[in-house]
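What the coordinates show
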Amino acid sequence: QVTLAESGGGSVQAGGSLRLSCTASERTFTTYDMGWFRQAPGKKREFVASIRLTSSAGDYADSVQGRFMISRDIAKDTLYLQMNSLQPEDTAVYYCAAGIVTGSNYHSTIPYGYWGQGTQVTVSS
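Summarised in this report is the structure supplied together with it.

Rules used in this analysis
- Residues numbered from 1 in each chain as written.
- Predicted model: local features only at pLDDT ≥ 70, side-chain atom pairs only at ≥ 80, totals over all residues.
- Heavy atoms only, no water.
- Salt bridge = Lys/Arg side-chain N within 4 Å of Asp/Glu carboxyl O.
- Buried < 20%, exposed > 50% of the residue type's maximum accessible area, 1.4 Å probe, protein only.
- Helix = DSSP H or I, 4+ residues; strand = E, 2+ residues; numbered from the N terminus.
- Lys, Arg positive; Asp, Glu negative; His and termini not counted.
- Polar contact = N/O pair within 3.5 Å; in protein donor to acceptor, adjacent residues only side chain to side chain.
- Contact = heavy atoms within 4.5 Å.
- Phe/Tyr/Trp six-rings, centres within 6.5 Å; stacked < 30°, edge-to-face > 60°.
- Lys NZ or Arg CZ within 6 Å of the ring centre and 35° of its normal.
- Pairing = 2+ DSSP bridges.

**Comments concerning the pattern of salt bridges**
Applying the stated criterion across every chain, the model contains 5 salt bridges. Between Arg-38 and Glu-46 there is a salt bridge, with its nearest N and O atoms 2.6 Å apart. You can call Arg-38 buried: its relative accessible area is 6%. Among the salt bridges present, the one from Arg-52 reaches Asp-59, with a minimum N-O distance of 3.8 Å. Asp-59 gets classed as partly exposed once you look at its relative accessible area, which sits at 22%. One network of salt bridges, in which partners are shared, links Arg-38, Glu-46, Arg-67 and Asp-90.

**A few points about the side chain of Glu-6**
With respect to the helices and strands, the residue Glu-6 is situated in strand β1 (residues 4-7). Buried and unpaired, Glu-6 has Arg-45 as its nearest opposite-charge partner, separated by 7.4 Å. For Glu-6, the side chain forms a polar contact with the main-chain nitrogen of Gly-118, separated by 2.8 Å. Apart from residues no more than four positions distant in its own chain, Glu-6 is found in contact with Ser-21, Cys-22, Trp-36, Tyr-94, Tyr-95, Cys-96, Gly-116, Gln-117, Gly-118 and Thr-119.

**So, the packing of aromatic side chains**
Within the structure shown, the criterion is met by 7 aromatic pairs. Residues Phe-37 and Tyr-112 carry aromatic rings whose centres are separated by 5.1 Å and whose planes lie at 75° to one another, so their mutual orientation is edge-to-face. Note that Phe-37 is positioned in strand β4 (residues 33-39) and Tyr-112 in strand β10 (residues 112-115), a separation of 75 residues in sequence. Assigned by exposure class, Phe-37 and Tyr-112 land together as buried. Look at Tyr-95 and Trp-115: their rings are 6.5 Å apart centre to centre, the planes differ by 80°, and that puts the pair in the edge-to-face class. Of this pair, Tyr-95 sits in strand β9 (residues 92-99) while Trp-115 sits in strand β10; the two residues are 20 residues apart in sequence, bridging distant segments of the chain. Classification of Trp-115 by relative accessible area gives partly exposed; the value is 28%. The ring centre of Tyr-95 lies 3.7 Å from the NZ or CZ of Arg-45, which sits over that ring. We note Arg-45 situated over the ring of Trp-115; from NZ or CZ to the ring centre the distance is 4.9 Å.

**Quick word on the pairing of strand β7 (residues 68-73)**
Pairing of β7 with strand β8 (residues 78-83) involves 6 bridges; the strand directions are antiparallel. Counted as the bridge partner of Asp-73 is Thr-78 from β8. Hairpin geometry of β7 and β8 is characterised by an intervening segment of 4 residues between the two adjacent antiparallel strands and by a positive phi of about 55° at Asp-77.

**Considerations on the environment of Cys-22**
On the secondary structure map, Cys-22 appears in strand β3 (residues 18-24). C-alpha of Cys-22 to C-alpha of Ala-97: the two residues are 75 residues apart in sequence and 9.0 Å apart in space. In this structure Cys-22 touches Leu-4, Ala-5, Glu-6, Phe-29, Trp-36, Asp-77, Thr-78, Leu-79 and Cys-96, once residues within four positions along its chain are discounted.

In short, the description is geometric, and any link to function would need to be established separately.
This is the structure in structure tokens:
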């Protein structure tokens, strides 16, 4: 059974930074691809970033490329999302997810079978 728990959300002003953490159950990072998604009120859940099981490189949504960075610490069973230069449009509930991604389908929610409860990020102008 995979469990995921996000933390690190909060309220910041535009231009600020936050680092989200996702603590996973043991062996999650050696079994699954990982992703970060977000959902703003009234909108669909959207892809933010992902990191593959077999690579340390990340994939990013165009809207966060160059501002956000995904990483993981396997020894600590923790996934991170460093968010810099935050903008009001980044306001959302952020979720981490685990799954098995095939091909280039990393941006879809479909491959991810395990989700955390989410953490709120609010960016004010």
